[in-house]
Amino acid sequence: MSYPKQLHMAEHFEDLEKLYMKLPPDIKDRELDIICKSARKLIEQSERFYINRDEEMAYIGYMKLMNLVQVIRKNKDYARKKETVTKLLGTQTEFNRIFEKLQKLKESLENRYKERARQKGLTTLPRAVDLERESNNGSLGGKDVGTIIPVSGHKQTVTAMELHGMINDCRISMLIMDCRPVKDFDASHLRYSFLVNVPEHLLVAGMTAGKINHALPPESRTLWSNRMVKDQVILMDWNTTGAPVKDTPIYILNYILCHYDQDIEDTKITRLDGGYESFVLHYPASCLNPSYRPPMVVDGMGDNIDDIEYPNISDIPMKEESFTKPGFKPTIDRNSKMAAVSLYEARNKPLEDILVEHEQILDKSKQNALEIINTETELKNLEKQQPLEPGVDETQESLLFEVMQLKDRQRDYEAEKARILEEEESYKEMEKEQQERGEQISTEQAEQLEREAYERRLRDKEREQRELEEKCQRLAREREEKLALAREQKRHLKENVPETVKRAYSEEDQGPNTYGSNVMKLPLFDRSAKPLADHNHNLRIRDLDVVQRDFAPVYGSVGRGLTGLKNLGNTCYMNSILQCLSNTYFLNEFFHDPSFKMHLNRNNKTQGKIGEEVAAVIKALWTGQYKCIASKNLRYVVGQYERQFGGIEQQDSHEFLTILMDWLHSDLQTKQMQISTSLDQMPPSEKAWIEHFKGKGSYISELFYGQIKSTVKCTRCHKESATYESFSNLSLELPQDSNICYLENCLDMYFNGEEVRGWHCPKCKSNQDAIKKLDISRLPSILVVHFKRFYADPDTMSTVYRKKQTLVKFPLSELNMTRYLARTEVNRNKRLTTFRYHLYGVSNHYGSMESGHYTAFCLNNIHQKWFKFDDYNVSSIDASDVQASAAYILFYSCLPDRPQSDVR
């Protein structure tokens, strides 16, 4: 066994301190990677000294390492590069071994220094005398970190080095109060006689010094009473640096001693900067069990930086900023006249384009107004027919719905005109400012620009004129087809109407007009197409797998996916949603595969019936053999579980969609989720996801469901608390007093922060003001967005619902949701940032709350064209017509857009 090397660095053990406390003055300004490399080198050097039994050099090296670790932890890049630091310096287990070596080295060195002093015939000087001698000799000067630094009246903190010197100075009269939890205090604490644990659970609002005294265990009360005779009281917790956050344990203890303890009016109260964590890093040998670390708790006092969504509370955007948009303010180059002319050309070109667009909108608005007049006239002519001819009532209904759509389109044109006028005014104001600055523009260039703009206007007018003529011809053909189809549908449906129902309709009085103040009789619409009683009975007694469904089809060869749905008595809300789901490519493929029945859940409330009926309707819509069908079986089954959907009253398509998604998920919830580890070891978002679905997923949850992370952050201590909630669609607010906005504004309004009053902060242990912020923690493959168009009018005495007719501008492709993703989830899954969504379906609502109509715009996957589904009528539309104020629910997909095969 080798012997330790002779002592050669100091005369006393305390003298080693000045050797390991010296660090380069610029160490805090160096890059984190460089500091870590220096620390790594220190570890290797100290290990060599330890193996070679040079105890002094090993002790100095290890203690220098502890100082460097403290510098690293305070570095601004530490949170971001924590994994890199761990790889370079080692894990906590490896540092625990270093602490054990330090403890052995300290004990060995102290004994060796004492033995050498005894052999020389000297007695070991008390530390106080030793310090006084060094101070008088001036050997260490004012920079000696072991020298006692008196705490002045205004100084509120001491460092670990200062406290260590005070502990070893018998002239200092002080009491140390440790306000960490009892468990942590018992496991590891300072080696000092006058140390009392004031547990954090006692430090809440309303406590006084007297109440603390009564709550402490008997053995601690004597120490607590020492505060009355000591000159100083030092407070410490785990790691508070600087001024403590209000309502934290150390803050409350300090407040109690200063305001609610008359026995220590003249006692100096100071805090340990960096807390016990800082002290144990610098002086592990002066602590009991220095390797102890508190367990990491998600909702505890210390947050893992990777789980903190918003490290800076000022980074949270607020809802008030959602619908604000900066005004147009172009960049002006005043360096030369040539630049001024170029600027004029750059400005004038978009100005001319705006003028052209304005002219186009005016023309479209005029044409739309003419169509409204013509439709209204046609409707009045039909109303004058007495008695009503077969099919006339369906035609009237169709014309009423068409008027609704035309009027909504007219409002969109008005909103567009308002936007264009605003842009024109902005440019005119800019030109006026330019003239006031005296900038001259070439007249010849301006005239040339005007001629080019005039030519563009002529070309646009000619093109638009041709489009208007084609549109008028198409409308005429469609109207004839509607009338013929309505008569055929009327004849077919009346064959299924019982005599009692026919008599009820013939005797029923007509109700008042809901479209205006003019007295006019509403047409009597046929609501008798709901499933008949005897057929419903058959459905109940037969298994749905073998039911021969009666779709009451109107035969005719149409393109696949271009079959309409009959209105079975105000079921346009249902038809609109079914067409959007039918055009959800991957859902369509799933229901066309016969093996989907293997995934049906027969043990839930709906017993798989909803899934079967939706699949049957979708398959019928894609045969290409029918002009339209009736979803009578689906309507009946849906009505069994939600009665309002089985009646003839108008319902909300969003409500129907939300309930239908839950039904479909439940009907197909047979997939066991893969769980590779215990729930407690999972990220919180994953754990919440599995718990929400009870460990079983479905194809619906894989397609349509996402997850929202709700973060609440205390404005006082910045503590974060997060919860998670699954969703199948996002319901977005619209601006109250605006005719036009953008989808981005609505998303900002939904996800941006809002103030929360009286939130109980788990760290402050009291009610505090906080900020609540939503983020997406899991993006769905199919993103469904709903606009909250209906609201209760606050200005009416009774509850009256109004509709917001705001025109929302939304992208048809490349919708990027990255900015709304939770930062913590992006850190775990970078793939989330690659999601891009394209629009493939829109559920539209026309009219008002009292009287409205639903249609759907869908992108057909085979034809790669947009089509309008208006109950039984299906027609192609231009992609530019998809954006409208009638848009109620948007269907976006980030899945690959592949054409469907023709094999069915």
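Residues numbered from 1 in each chain as written. Predicted model: local features only at pLDDT ≥ 70, side-chain atom pairs only at ≥ 80, totals over all residues. Heavy atoms only, no water.

**Some points on the overall build of the chain**
The line we're drawing: To qualify as a helix, a DSSP run of H or I must reach at least 4 residues; to qualify as a strand, a run of E must reach at least 2; elements of each kind are numbered from the N terminus. Any two residues whose heavy atoms approach within 4.5 Å are treated as being in contact. Residue exposure ignores everything except the shown protein chains as possible cover, and the areas themselves are Shrake-Rupley values with a 1.4 Å probe.
The helix and strand tally for the chain stands at 26 helices and 26 strands. Taking contacts inside the chain between residues at least 6 apart in sequence as the whole, the part at least 24 apart equals 74%. Surface exposure of the chain reaches about 45600 Å², of which carbon and sulfur atoms provide 50%.

**Some points on the packing of helix α3 (residues 55-74) against helix α5 (residues 92-119)**
Rules: Angles shown run from 0 to 180 degrees and are taken between the N-to-C directions of axes, each axis being a line fitted to C-alpha atoms and, for helices, limited to the stretch in contact. Relative orientations are named as follows: roughly parallel for angles under 35 degrees, roughly antiparallel for angles over 145 degrees, roughly perpendicular for angles from 65 to 115 degrees, and oblique for any other angle. Left-handed describes a crossing whose near helix is turned anticlockwise from the far helix by less than a right angle; the clockwise case is right-handed.
Where α3 meets α5, the closest approach of the two axes is 10 Å, and the angle between their N-to-C directions is 135°. Viewed along their axes, α3 and α5 adopt a mutual orientation that is oblique. Considering only the axes of α3 and α5, their crossing is left-handed. Facing Glu 55, Glu 56, Ala 58, Tyr 59, Tyr 62, Met 63, Leu 65, Met 66 and Val 69 of α3, the residues of α5 in contact are Phe 95, Ile 98, Phe 99, Lys 101, Leu 102, Leu 105, Lys 106, Ser 108, Leu 109, Arg 112 and Tyr 113.

**A word on the sheet that holds strand β4 (residues 232-236)**
For the record, the criterion: Two strands are counted as paired when DSSP detects at least two bridges linking them.
Taking strand neighbours across the sheet as the criterion, the 5 strands line up as β1-β5-β4-β2-β3 in an open arrangement whose pairing is parallel. Edge strands, defined here as strands with exactly one partner in the open sheet, are β1 (157-158) and β3 (195-197). Pairing between β1 and strand β5 (residues 268-272): 2 bridges, direction parallel. Within the sheet, the bridge partner assigned to Thr 157 lies in β5 and is Arg 271.

**With respect to unusual backbone geometry**
Unusually for a residue other than glycine, Lys 694 sits at a positive phi of about 55°. Along the chain, the position of Lys 694 falls in the loop between α23 (684-692) and β10 (696-697). Phi angles above zero are rare outside glycine, and Lys 765 is one such case at about 60°. Within the fold, Lys 765 resides in the loop between β15 (754-761) and β16 (766-778).

**Considerations on the sheet that holds β16**
Strand order in the open sheet formed by 4 strands is β12-β11-β16-β15, and the pairing between neighbours is antiparallel. Looking along the sheet, the strands with just one partner apiece sit at the ends: β12 (720-727) and β15. Each strand axis lies, on average, 35° off the axis of its neighbour in the sheet, ignoring direction. Summarising the sheet, strand β11 (residues 706-714) and β16 pair through 8 bridges and their orientation is antiparallel. Bridge assignment links Cys 714 to a residue of β16, and that residue is Ala 770.

**Thoughts on the state of the cysteines**
Note the threshold: In this description, the term disulfide denotes a pair of cysteine sulfurs within 2.5 Å. The classification of residues rests on relative accessible area computed with a 1.4 Å probe and restricted to protein chains. Under 20% of the type maximum is buried, over 50% is exposed, and intermediate values are partly exposed.
Per the stated rule, a full pass over the model turns up 0 disulfides. Of all cysteine sulfurs, the one in Cys 580 lies closest to Cys 858, which takes part in no disulfide; the gap is 4.1 Å. Accessibility expressed as a relative area gives 1% for Cys 858, which makes it buried.

**Description of the packing of aromatic side chains**
To be explicit about the condition: Ring geometry is summarised as follows: Phe, Tyr and Trp rings, the Trp one being its six-membered ring, pair when their centres sit within 6.5 Å, and such pairs are stacked at plane angles under 30 degrees, edge-to-face over 60 and tilted between the two.
Summed over all chains, the structure comprises 24 aromatic pairs. Taking 6.0 Å as the distance between ring centres and 75° as the angle between the ring planes, the aromatic pair formed by Tyr 20 and Tyr 59 counts as edge-to-face. Taken as a pair, Tyr 20 in helix α1 (residues 17-20) and Tyr 59 in helix α3 lie far apart in primary sequence, 39 residues in all. Across the pair, Tyr 59 and Tyr 20 agree in class, each one buried.

**Digging into α23**
The periodicity of an α-helix, 3.6 residues per turn, causes residues three or four positions apart to be oriented the same way. To be explicit about the condition: By construction, the arc corresponds to the directions joining the helix axis to the C-beta atoms.
Residues of α23 that are buried include every one of Ser 685, Trp 689 and Ile 690, and no others. Projected down its long axis, α23 shows its buried positions confined to an angular sector of 130°, all on one face. Taken from the residues just after α23, Lys 694 is the one with a positive phi, measuring 55°.

**Focus: the confidence of the model for the chain**
The condition is simple: pLDDT is a per-residue confidence score from the predictor, ranging from 0 to 100.
Scored by pLDDT, the chain has a mean of 76; 73% of the residues are at 70 or more. For residues 440-444, every residue scores under 50 in pLDDT, and the model assigns this stretch 4 contacts once sequence neighbours within four places are set aside.

**Digging into the pairing of strand β8 (residues 626-629)**
In the sheet, strand β6 (residues 554-555) pairs with β8 via 2 bridges, with the strands oriented antiparallel. Bridging across to β8, Val 554 finds its partner in Cys 628. Inspection of the sheet shows strand β7 (residues 564-565) paired to β8 by 2 bridges, in the parallel sense. Across the sheet, the residue bridging to Gly 564 is Cys 628, located in β8.

**Section: the environment of Leu 743**
Along the chain, Leu 743 falls in helix α25 (residues 743-751). Considering only alpha carbons, one finds Leu 743 and Leu 732, 11 residues apart in sequence, at a separation of 9.0 Å.

**As for the nonpolar core**
The nonpolar side chains of soluble globular proteins are, as a tendency, buried together. Defined as follows: For our purposes a nonpolar core is just a set of buried Ala, Val, Leu, Ile, Met, Phe, Trp, Tyr and Cys residues, chained together by side-chain atoms within 4.5 Å.
Counting 103 residues, the largest nonpolar core has Phe 591, Phe 704, Leu 743 and Met 817 as the members making the most contacts within it. Ranked by the residues each element gives to this core, the list is headed by helix α20 (residues 609-621), at 8 residues. Beyond its immediate sequence surroundings of up to four residues, Phe 704 is in contact with Leu 581, Thr 584, Leu 587, Met 661, Phe 727, Ser 728, Pro 780, Ile 782 and Val 784. One finds Ile 27, Leu 32, Ile 43 and Trp 238 within the second-largest nonpolar core, a separate group that totals 56 residues.

**Quick word on the pattern of salt bridges**
Any two side chains of opposite charge can pair, so long as their charged atoms come close to each other. The criterion, for reference: Throughout this description, the term salt bridge denotes a Lys or Arg side-chain nitrogen within 4 Å of a carboxyl oxygen of Asp or Glu.
Considering all chains together, one arrives at 22 salt bridges under this definition. Between Arg 116 and Glu 11 there is a salt bridge; the shortest N-O distance is 3.7 Å. Of this pair, Arg 116 sits in helix α5 while Glu 11 sits in the segment before α1, and the two are 105 residues apart along the sequence. Its relative accessible area of 47% is what places Glu 11 among the partly exposed residues. Three or more residues are tied together by salt bridges with common partners; here these are Arg 53, Glu 55 and Arg 112.

**Thoughts on the environment of Val 198**
Inspection of the secondary structure assignment puts Val 198 in the loop between β3 and α9 (209-215). Spatially, the C-alpha atom of Val 198 lies 9.5 Å from that of Pro 249, the residues being 51 residues apart in sequence. Other than its neighbours up to four places away in sequence, Val 198 contacts Met 177, Asp 178, Cys 179, Arg 180, Leu 203, Ile 212, Leu 216, Trp 224 and Leu 253.

**Focus: the pairing of strand β23 (residues 852-860)**
Most of β23 sits inside the fold, with 9 of its 9 residues counted as buried. Burial along β23 is two-sided: the face carrying Gly 852, Tyr 854, Ala 856, Cys 858 and Asn 860 and the face carrying His 853, Thr 855, Phe 857 and Leu 859 are both buried. One ladder, built from 7 bridges, connects strand β22 (residues 836-847) with β23; its direction is antiparallel. Opposite Gly 841, over in β23, you have Cys 858 as the bridge partner.

**A look at the environment of Met 574**
Following the sequence through the fold, Met 574 ends up in helix α18 (residues 572-582). The exposure class assigned to Met 574 is buried, which follows from its relative accessible area of 0%. Taking the C-alpha atoms as reference, Met 574 lies 8.3 Å from Gln 651; in sequence the two are 77 residues apart. Apart from the residues lying within four places of it in its own chain, the contact partners of Met 574 are Arg 635, Phe 645 and Phe 656.

**A closer look at the packing of helix α2 (residues 32-51) against α3**
How two helices pack is summed up by the angle between their axes together with the distance between the axes. The line we're drawing: Any residue outside Ala, Val, Leu, Ile, Met, Phe, Trp, Tyr, Cys, Pro, Asp, Glu, Lys and Arg is labelled polar, Gly included; the first ten of those are nonpolar and the last four are charged.
Viewed as axis vectors pointing N to C, α2 and α3 meet at an angle of 160°, and their least axial separation amounts to 8 Å. When the axes of α2 and α3 are compared, the pair comes out roughly antiparallel. Every pair of crossing elements has a handedness; the one defined by α2 and α3 is left-handed. Across from Leu 32, Ile 35, Cys 36, Ser 38, Ala 39, Leu 42, Ile 43, Ser 46, Glu 47, Phe 49 and Tyr 50 in α2, the residues of α3 making contact are Met 57, Ala 58, Gly 61, Tyr 62, Lys 64, Leu 65, Leu 68, Val 71 and Ile 72. Class assignment for the residues of the contact of α2 with α3 results in 15 nonpolar, 3 polar and 2 charged.

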